[in-house]
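# Descriptive analysis of the structure
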Amino acid sequence: MNFDITHEGRTTLAVDREGALALGYPEAAIAAAENDQLVLAIKAECRRRIYAVASPETQMNMATAGAFASSKTASTRTADENAILSGLDASLAWVAQMRGNVQTLAADPSLDYHDDANWPVCPDAAVALAAKF
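Let us look at the structure shown here.

Rules used in this analysis
- Counting from 1, residues in each chain are numbered in the order their sequence is written.
- Confidence filtering applies because this is a predicted model: local features only for residues at pLDDT of at least 70, side-chain atom pairs given and counted only at 80 or more, and all residues used for totals across whole chains, interfaces and linings.
- Only hydrogens and water are removed before side-chain values are computed, so all heavy atoms of the structure are retained for them.
- Starting at the N terminus, helices and strands are each numbered in turn, a helix being any DSSP run of H or I of at least four residues and a strand any DSSP run of E of at least two.
- Within these notes, the globule rule equals 2.2 Å times the number of residues to the 0.38 power, and the radius of gyration is based on C-alpha atoms.
- Each residue's exposure class comes from its accessible area (1.4 Å probe, protein chains only) as a fraction of the maximum for that residue type: buried when under 20%, exposed when over 50%, partly exposed otherwise.
- We call two residues in contact when some of their heavy atoms are within 4.5 Å.
- For every accessible area listed, the method is Shrake-Rupley and the probe measures 1.4 Å; residues are considered covered only by the protein chains on display.
- Here Asp and Glu are counted as negative and Lys and Arg as positive; His is not counted, and neither are the chain ends.
- For this purpose, a charge sits on NZ of Lys, CZ of Arg, CG of Asp or CD of Glu.
- Only centres within 6.5 Å qualify two rings of Phe, Tyr or Trp (six-membered ring in Trp) as a pair; their planes then separate them into stacked at under 30 degrees, edge-to-face at over 60, and tilted for everything else.
- We call a charge positioned over a ring when the NZ of a Lys or the CZ of an Arg lies within 6 Å of the ring centre and within 35 degrees of the ring normal.

### Here we look at the overall build of the protein
A tally of helices and strands in the protein yields 5 helices and 2 strands. Mapped from its N terminus to its C terminus, the protein presents α and β elements in the order β-β-α-α-α-α-α. On C-alpha atoms alone, the protein measures out to a radius of gyration of 21 Å, which is more than a quarter above the 14 Å that the 2.2 N^0.38 rule sets for 133 residues. With respect to the principal axes defined by its C-alpha atoms, the protein has extents near 70 × 30 × 20 Å. Going through the 133 residues of the protein one by one, you find that 32% of them count as buried. Sequence-distant contacts in the protein: of pairs separated by 6 or more residues, those separated by 24 or more amount to 52%. Looking at the protein as shown, the accessible area adds up to about 7900 Å², and 57% of this sits on carbon and sulfur atoms. Of the charged side chains in the protein, 10 are positive and 17 negative; the average position of the first set lies 9 Å away from that of the second.

Below you can see the structure in the form of structure tokens.
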């Protein structure tokens, strides 16, 4: 794995562990750079999984529909508008869990961040809402 590393005012780009050691970087700086690279990879996987459920465009449409539904009083909302708001609540909670999971996975490099078992399951209400848009 290649990473960028900075230590005591010196920066080296796209180096691997062996190269960083050969250039005299200390182990702690190398480990920190590797961890930074791991966090970036896990964040990218998190983003990929979220977008697999709802693309950015779908998310904008969901937010717009939610804003419209929430602008109404509860007694004037349709069943569909209530479902949109419930789906948005579920979606936002799931995205927060997904993002929070990034640090959990980064803290234990033995966990495979590509494994579905290491990520929160998207709630059915969120999947259903995304499918509408």
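### Some thoughts on the packing of aromatic side chains
All told, the structure shown has 0 aromatic pairs when counted by the stated rule. Residue placement shows Arg 10 over the ring face of Tyr 25; its charged tip is 4.0 Å from the ring centre.

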